[in-house]
Amino acid sequence: MNIWEMLAVFAAGISAGAINTIVGSGTLITFPVLLAVGLPPVTATVSNGLGLIPGSVSGAIGYRRELRGQGRRVLKFVVGALIGGLTGATLLMSLPSTAFETIVPVLVALALVLVILQPRISKAVQRRREHSGTPARPAGGPLLFVGLMLASVYGGYFTAAQGIIYLSLMGMLLDDTMQRLNAVKNVLAAVVNSVAALFFLFVADFDWTAVVLIAVGSALGGQIGARIGRRLSPTVLRALIVVVGTVAIVQLLLR
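**Remarks on the overall build of the chain**
Thought 1: Helix and strand content of the chain: 13 helices and zero strands.
Thought 2: When the helices and strands of the chain are listed from N to C terminus, the series reads α-α-α-α-α-α-α-α-α-α-α-α-α.
Thought 3: Considering only intrachain contacts with a sequence separation of at least 6, the fraction spanning at least 24 residues in the chain is 83%.
Thought 4: Total accessible area on the chain stands at roughly 11,700 Å², and carbon and sulfur atoms take up 70% of it.

See below:
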């Protein structure tokens, strides 16, 4: 890469780190840039996954205040994220890219619908609980665990918009604020990116220059995203998720 290409990758890393922390889908910025500077698709995917680890960790640290009191359910979700992330990374090495590309836009679209309807769904679930006298489950029950694990399979495979899927599932099945759920999303993304990247280190080719540039940029972007994201109201945050998700769907369909 020449100096201008390196600057472009670094800038993409900053943007991806910030967007991943606030919403998710930062891969939709870095991945096309890596392709544009000449990296093959699988090498770009692996290099991107490795580079975004510091950004995910940085975003999770930036949201540490919102993570207080969530330790037990986060640990439970992390187990599913580890299993799903490793499974997704394995599939990336063994399946043709078209296997997931066909269904990804559908998954993201469904997640956006759930994000939009989440306030109504949450109220309906709460009324049902009050009527039946069933207490809310702090970890969302088996359905949420399985859903997050499957989302992590997708995250280990490609990562684009995995944060949106996480937020839609948790928003529907957990009685909590969007900011606290966003904090959990950042932890899960960090886990999935890390386990997938460790797997890739031993079985795939990657470009160290791209990895370092994205790593430094995404770490900076993660802190920026945390400062901006926690100031957004639930309505604004939900609207931003829908906008970014819509752009993700369009870009995935045009690939």
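**Examining a nonpolar patch on the surface**
Thought 1: A cluster of nonpolar side chains, contributed by Val42, Met93, Leu198, Leu201, Phe202, Val203, Trp208, Val212, Val216 and Leu220, occupies part of the molecular surface with about 970 Å² of accessible area.
Thought 2: At the level of elements, helix H11 (178-203) and helix H12 (208-229) are the ones that each hand at least two residues to the nonpolar patch.
Thought 3: Position of Phe202 relative to the elements: it lies in helix H11.

**A word on the pattern of salt bridges**
Thought 1: Tallied over the entire structure, the rule returns three salt bridges.
Thought 2: Of the charged contacts in the structure, one is a salt bridge between Arg65 and Glu66, with a shortest N-O distance of 3.8 Å.
Thought 3: A relative accessible area of 48% means that Arg65 is categorised as partly exposed.
Thought 4: For Glu66, a relative accessible area of 11% corresponds to the buried category.
Thought 5: A salt bridge links Arg73 to Asp176; the shortest N-O distance between them is 2.4 Å. Pair noted here: Arg73 is in helix H6 (residues 71-94) and Asp176 is in the loop between helix H10 (162-173) and H11, with a separation of 103 residues, a long-range link.
Thought 6: On the basis of relative accessibility, which here comes to 22%, the residue Asp176 falls in the partly exposed class.
Thought 7: Look at the salt bridges and you will find they share partners, linking Arg73, Asp176 and Arg180 into a network.

**So, empty space enclosed by the protein**
Thought 1: Applying the stated criterion across every chain, the model contains three cavities of 30 Å³ or more.
Thought 2: What lines the largest cavity is a set of 17 residues, and nearest its centre among them are Asn20, Ser56, Gln162, Ala189 and Asn193.
Thought 3: Secondary-structure elements contributing two or more residues to the lining of the largest cavity are helix H1 (3-22), helix H4 (53-62), H10 and H11.
Thought 4: When residues in the lining of the largest cavity are grouped by element, the largest group, four residues, is from H11.
Thought 5: When the residues that make up the lining of the largest cavity are grouped by side-chain class, the tally is two nonpolar, 14 polar and one charged.

**Quick word on the nonpolar core**
Thought 1: Membership of the largest hydrophobic core comes to 50 residues, with the highest contact counts inside it found for Phe77, Leu144, Leu148, Met170 and Leu188.
Thought 2: In terms of residues, this core owes the most to one element, H11, which gives ten residues.
Thought 3: If we ignore the near neighbours within four places in the chain, the residues touching Leu148 are Phe77, Tyr166, Leu169, Met170 and Leu188.

**A word on the side chain of Asn182**
Thought 1: Along the chain, Asn182 turns up in helix H11.
Thought 2: Judged by relative accessible area, Asn182 falls into the buried class, the value being 0%.
Thought 3: A polar contact of 3.2 Å, which involves the side chain of Asn182, links it to the backbone oxygen of Thr21.
Thought 4: Of the polar contacts made by the side chain of Asn182, one reaches the side chain of Tyr63; its length is 3.2 Å.
Thought 5: In contact with Asn182, not counting residues within four places along its chain, are Thr21, Ile22, Tyr63 and Leu167.

**Re the packing of H6 against H11**
Thought 1: The contact between H6 and H11 brings their axes to 8 Å, and the two run at 40°. The hand of the H6/H11 crossing is right-handed. Contacts between H6 and H11 involve Arg73, Val74, Phe77, Val78, Ala81, Leu82, Gly85, Leu86, Ala89, Thr90, Leu92 and Met93 on the former and, on the latter, Arg180, Leu181, Val184, Val187, Leu188, Val191, Val192, Val195, Ala196, Phe199, Phe200 and Val203.
Thought 2: Here the residues of the contact of H6 with H11 are counted per class, giving 20 nonpolar, two polar and two charged.

**Things to note about the side chain of Lys185**
Thought 1: Within the secondary structure, Lys185 sits in helix H11.
Thought 2: Within the buried core, Lys185 has no salt-bridge partner, and the shortest N-O distance to an opposite charge, that of Glu66, equals 12 Å.
Thought 3: From its side chain, Lys185 meets the backbone oxygen of Thr21 in a polar contact 3.1 Å long.

**Some remarks on the packing of helix H2 (residues 27-36) against helix H3 (residues 41-51)**
Thought 1: Between H2 and H3, the shortest axis-to-axis distance is 9 Å and the interhelical angle comes to 135°. One finds that H2 runs oblique with respect to H3. The element H2 and its partner H3 pack so that their crossing is right-handed. Where H2 abuts H3, its residues Thr27, Thr30, Phe31, Leu34 and Leu35 lie against Pro41, Ala44, Thr45 and Asn48.
Thought 2: Considering only residue class, the contact of H2 with H3 consists of five nonpolar, four polar and no charged.

Definitions and limits used
- Residues numbered from 1 in each chain as written.
- Predicted model: local features only at pLDDT ≥ 70, side-chain atom pairs only at ≥ 80, totals over all residues.
- Heavy atoms only, no water.
- Helix = DSSP H or I, 4+ residues; strand = E, 2+ residues; numbered from the N terminus.
- Contact = heavy atoms within 4.5 Å.
- Areas by Shrake-Rupley, 256 points an atom, 1.4 Å probe, with all protein chains shown as cover.
- Patch = residues over 30% accessible without salt bridge, like charges linked within 9 Å, V, L, I, M, F, W, Y side chains within 5 Å.
- Salt bridge = Lys/Arg side-chain N within 4 Å of Asp/Glu carboxyl O.
- Buried < 20%, exposed > 50% of the residue type's maximum accessible area, 1.4 Å probe, protein only.
- 1 Å grid on protein atoms, 1.4 Å probe; cavity = no way out; pocket = protein on both sides within 12 Å on 5 of 7 lines; lining within 4 Å.
- Points joined across faces, edges and corners; volume = space filled by probe spheres on them.
- Nonpolar A, V, L, I, M, F, W, Y, C, P; charged D, E, K, R; others polar.
- Core = buried A, V, L, I, M, F, W, Y, C linked by side-chain atoms within 4.5 Å.
- Polar contact = N/O pair within 3.5 Å; in protein donor to acceptor, adjacent residues only side chain to side chain.
- Axes fitted to C-alpha atoms, helices over the stretch in contact; angles between N-to-C directions.
- Left-handed = near helix turned anticlockwise from the far one by under 90°.
- Lys, Arg positive; Asp, Glu negative; His and termini not counted.
- Parallel < 35°, antiparallel > 145°, perpendicular 65-115°, else oblique.

That is the geometry; function is a separate question.
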